[in-house]
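Residue-level structure breakdown
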There are 2 protein chains.
Amino acid sequence: MTAPQTFSNAKFDAGWSLRFEAGAAAPAGGRIVSHRARAMIVDEGDTSNAVYEIVEGGVMVFKLLPDGRRQIIEVLGVGDVFGLASTAVSDVSAEALTPVRLAMFDRRAVDLDAALRDRLFQRLRAQMCALHDHALLLGRKSARERVATFIMRLVAGRGGVDCSGPRRTNQPGRDDRARVGLAMTRQEIADYLGLTIETVSRAFSALRRDGTIAYDRQDEVQIGNVCGLCRLTGSH
Amino acid sequence: MTAPQTFSNAKFDAGWSLRFEAGAAAPAGGRIVSHRARAMIVDEGDTSNAVYEIVEGGVMVFKLLPDGRRQIIEVLGVGDVFGLASTAVSDVSAEALTPVRLAMFDRRAVDLDAALRDRLFQRLRAQMCALHDHALLLGRKSARERVATFIMRLVAGRGGVDCSGPRRTNQPGRDDRARVGLAMTRQEIADYLGLTIETVSRAFSALRRDGTIAYDRQDEVQIGNVCGLCRLTGSH
DNA sequence: CGCCATATTGAAACTAGTCAACCGGAGTGG
DNA sequence: CCACTCCGGTTGACTAGTTTCAATATGGCG
């Protein structure tokens, strides 16, 4: 599984970028804990007073129904936070998407440390916006739009309100390509987009058939025309 | 449109209650503004530095796709907050669901007033949990489950992890009834649940046909057996 | 009384889900 | 070294659930 360069997620329309590599800025403080990819970090219903801030890597936050249906609620990267339910009982589960390093804080520390609380607050607001976008996707977009949106979110700096647009070059219409790593399996993508694995697979195949995307490895996609893909998201 | 007594929404599984009537506790501070039902409060894309806290009434927060598809993201009541996007540009629109009174704060005031910020932070965490639940509903539940979940959320104190259960009485199995006001039109419910108006209508009709609910006015539902309805939500 | 909104119901079309077969690469063991 | 297996992904055929389109109620209000 190749770790992608960037993973633009939070608040799609604002075009924020979500990264998996450790940031230059020194992180948090707090106790650093590490997990391997696909390790369980928090289980829904756990009583825990821990709040987590991602230092490096990616995390999937999800919920399960009693019969096993799973919805991945958010996919998080460096700087994102989780474990901030308003009670001591976690309302969600969290699993490492990649090998991950986390800064772990006690809930009480959040009450005491104003700088930490401000950072969490600010990040929570950003993640809230991403959640809004995702609700729109889950409630109103077609399978094709969902997959197009998912891929677009992996293209750093594109597709948001502040989208840089295709780079201006001497050849108009050219040089609007990108290559993104997926990091997630088809099943995970399906659980994130509220679809089945077959529907996701078919959507990828259809996009490849009509030339919108290309790939050899199924976890690394090339986009010939980013603006063209963006038009398939339903958002633009 | 009869204002319901209570509207249990935020973090379904935690069973928090959302009310439309003004609370006993003195509110916020901030400038009080009022809107009539269905009045537009914020428009997606607006540049505004206002943060709102609901003093009385209900608010619908939603997003639109360019072709007019609408997703109602959250339905908010007293104490809930909105306008907390992480940039000055609002990522969502907000409309009054009932006549509503709002406490309006300047974003800068939030940075200065620690008590206010803590209150907003705490509430944001609660609303984030509600959003998690709603993503699960939108991504993974059937139409029937969505409507059952919607109705259950209107039953104060029931359906959460801390559900009080049917009241214990001398007649076991009795006295597990409830009556709830809907406050929303079928179209609004549909846009909230990620369905069409016809599907919502059919789900209500089916629940009425099989005796799970009863109603004369379409905006006021009687539940004969709350636990029975709860079993149809998919969550239990 | 009659109009306009909203809601309900029916029938047909379509999207996504289900079930099942198959493919292909990675790892295992004879 | 190669057959075998396992697992994730793809594809096909069929089904189910939801949407779409259209007609018909119902209810509030002038």
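- In the annotation of an unreviewed UniProt entry, chain A is listed under the name Helix-turn-helix domain-containing protein and assigned to Salinarimonas soli.

A few points about the overall build of chain A
- The helix and strand inventory of chain A stands at 6 helices and 11 strands.
- Looking at chain A residue by residue over its 236 residues, the buried ones come to 56%.
- Long-range contacts, defined here as pairs at least 24 residues apart, represent 74% of the contacts in chain A between residues at least 6 apart.
- Of the accessible surface of chain A, which amounts to about 9700 Å², a share of 50% is contributed by carbon and sulfur atoms.

Comments concerning the sheet that holds strand β5 (residues 70-76) of chain B
- Spatial ordering of the open sheet is given by β2-β7-β4-β5 (chain B), a layout of 4 strands whose pairing is antiparallel. Every other strand in the sheet has two partners, leaving β2 (40-42) and β5 of chain B as the edge strands with one partner each. Strand-to-strand, the axes of this sheet are offset by a mean angle of 30 degrees, without reference to chain direction.
- In this sheet, strand β7 (residues 93-96) of chain B lies alongside β2(B) in antiparallel orientation, the contact comprising 2 bridges. Note that in β7(B) the partner of B:V42 across the bridge is B:A94.
- Sheet contacts for helix α2 (residues 114-140) of chain A: β4 (59-64) and β5 of chain B; angle to β5(B), the most-contacted strand, approximately 125 degrees.
- Docked against the sheet, helix α4 (residues 186-193) of chain B engages β4, β5 and β7 of chain B, running at close to 95 degrees with respect to β5(B).

Looking at the interface of chain A and chain B
- On the side of chain B, 47 residues touch chain A, which itself brings 48 residues to the contact.
- Taken together, the two surfaces of chain A and chain B that pack against each other cover about 4200 Å², and 62% of this comes from carbon and sulfur.
- Between chain A and chain B we count 8 salt bridges in total.
- Measuring nitrogen to oxygen at the nearest pair gives 3.0 Å for the salt bridge that ties A:K63 to B:D133.
- Of all the elements in the fold, those that place two or more residues in the side of chain A that touches chain B are β5 (70-76), α1 (107-112), α2 and α4 (186-193) of chain A.
- The greatest single-element share of the side of chain A that touches chain B, amounting to 18 residues, is contributed by α2(A).
- For the side of chain A that touches chain B, the per-class residue count stands at 20 nonpolar, 11 polar and 17 charged.

Observations regarding the side chain of B:E53
Residue and element names in this part refer to chain B.
- The residue E53 is located in strand β3 (residues 50-56) in this model.
- You can call E53 buried: its relative accessible area is 9%.
- For E53, the side chain forms a polar contact with the side chain of R119, separated by 2.8 Å.

Some thoughts on the relation of the copies chain A and chain B
- Overlaying chain A on chain B yields an RMSD of 0.0 Å, the required transformation being a rotation through 180 degrees with an accompanying axial translation of 0.0 Å. A rotation of that kind, with that shift, is consistent with a two-fold axis.
- Most of the interface of chain A is mirrored in chain B, where 98% of its interface residues are also at the interface.

Structural notes on helix α3 (residues 143-153) of chain B
- The buried fraction of α3(B) amounts to 9 of the 11 residues, a majority that puts the element mostly inside the structure.
- What α3(B) keeps buried is the set B:E145, B:R146, B:V147, B:A148, B:T149, B:F150, B:I151, B:M152 and B:R153.

Description of the protein's contact with DNA strand D
- What surrounds DNA strand D is a group of 17 residues, the closest being A:R186, A:S205, B:A143, B:T199 and B:R202.
- Near the protein, meaning within 4 Å, the atoms of DNA strand D are sugar or phosphate in a fraction of 63%, with bases accounting for the rest.
- Residue A:Y215 places a side-chain N or O atom 3.5 Å away from a phosphate oxygen belonging to DNA strand D.
- Going through the elements one at a time, α4 and α5 (197-209) of chain A together with α5 (197-209) of chain B are the ones with two or more residues in the surface near DNA strand D.
- Top element by residues in the surface near DNA strand D is α5(A). It accounts for 4 residues.
- Taken together, the residues that form the surface near DNA strand D break down as 3 nonpolar, 9 polar and 5 charged.

Description of the nonpolar core
- By size, the foremost hydrophobic cluster in this structure holds 134 residues, and its most contacted members are A:F82 and B:F82.
- With residues near it in sequence (within four places) discarded, B:F82 still touches B:I41, B:V42, B:V51, B:Y52, B:I54, B:V59, B:V61, B:L76, B:A94 and B:L102.

Section: the sheet that holds β5(A)
- Read from one edge of the open sheet, 4 strands run β2-β7-β4-β5 (chain A), paired in antiparallel fashion. Looking at strand neighbours, the two that pair on one side only are β2 (40-42) and β5 of chain A, the edges of this open sheet. Neighbour-to-neighbour, the strand axes of the sheet open up by a mean angle of 30 degrees, direction not taken into account.
- Relative to β5(A), α4(A) is tilted by about 95 degrees, and along the sheet it contacts β4 (59-64), β5 and β7 (93-96) of chain A.
- Across the sheet, helix α2 (residues 114-140) of chain B touches β4 and β5 of chain A, and the angle it forms with β5(A) is around 125 degrees.

A look at α4(B)
All names here are of chain B.
- The buried fraction of α4 is high, at 7 of 8 residues.
- Those residues of α4 not exposed but buried are R186, E188, I189, A190, D191, Y192 and L193.
- Residue G194 follows α4 closely and has a positive phi angle near 70 degrees.

Quick word on the packing of α3(B) against α5(B)
All names here are of chain B.
- Look at α3 against α5: their axes get within 9 Å of each other, and the N-to-C directions meet at 75 degrees. With respect to each other, α3 and α5 are oriented roughly perpendicular. Facing α3, whose interface residues are A143, V147 and I151, α5 presents T199, A203, F204 and L207.
- Residues of the contact of α3 with α5, tallied by class, amount to 6 nonpolar, 1 polar and no charged.

Section: the protein's contact with DNA strand C
- Close contacts around DNA strand C come from 17 residues, with A:A143, A:T199, B:R186, B:S201 and B:S205 the closest.
- At the protein interface, 63% of the atoms of DNA strand C within 4 Å belong to sugar or phosphate.
- At a separation of 3.1 Å, a phosphate oxygen of DNA strand C approaches a polar side-chain atom of A:T196.
- Note that a phosphate oxygen of DNA strand C is positioned 3.5 Å from one of the side-chain N or O atoms of B:Y215.
- Contributing elements (two or more residues each) for the surface near DNA strand C: α5 of chain A together with α4 and α5 of chain B.
- Counting residues per element, the surface near DNA strand C draws most heavily on α5(B), at 4 residues.
- Here the surface near DNA strand C is composed, by residue class, of 3 nonpolar, 9 polar and 5 charged.

Rules and cut-offs
Residues numbered from 1 in each chain as written. Chains lettered and ligands numbered in written order. Predicted model: local features only at pLDDT ≥ 70, side-chain atom pairs only at ≥ 80, totals over all residues. Heavy atoms only, no water. Helix = DSSP H or I, 4+ residues; strand = E, 2+ residues; numbered from the N terminus. Buried < 20%, exposed > 50% of the residue type's maximum accessible area, 1.4 Å probe, protein only. Contact = heavy atoms within 4.5 Å. Areas by Shrake-Rupley, 256 points an atom, 1.4 Å probe, with all protein chains shown as cover. Pairing = 2+ DSSP bridges. Axes fitted to C-alpha atoms, helices over the stretch in contact; angles between N-to-C directions. Buried area = accessible area lost by both parts, 1.4 Å probe. Salt bridge = Lys/Arg side-chain N within 4 Å of Asp/Glu carboxyl O. Nonpolar A, V, L, I, M, F, W, Y, C, P; charged D, E, K, R; others polar. Polar contact = N/O pair within 3.5 Å; in protein donor to acceptor, adjacent residues only side chain to side chain. Least-squares fit on C-alpha atoms with pLDDT ≥ 70 in both. Near = heavy atom within 4 Å. Core = buried A, V, L, I, M, F, W, Y, C linked by side-chain atoms within 4.5 Å. Parallel < 35°, antiparallel > 145°, perpendicular 65-115°, else oblique.

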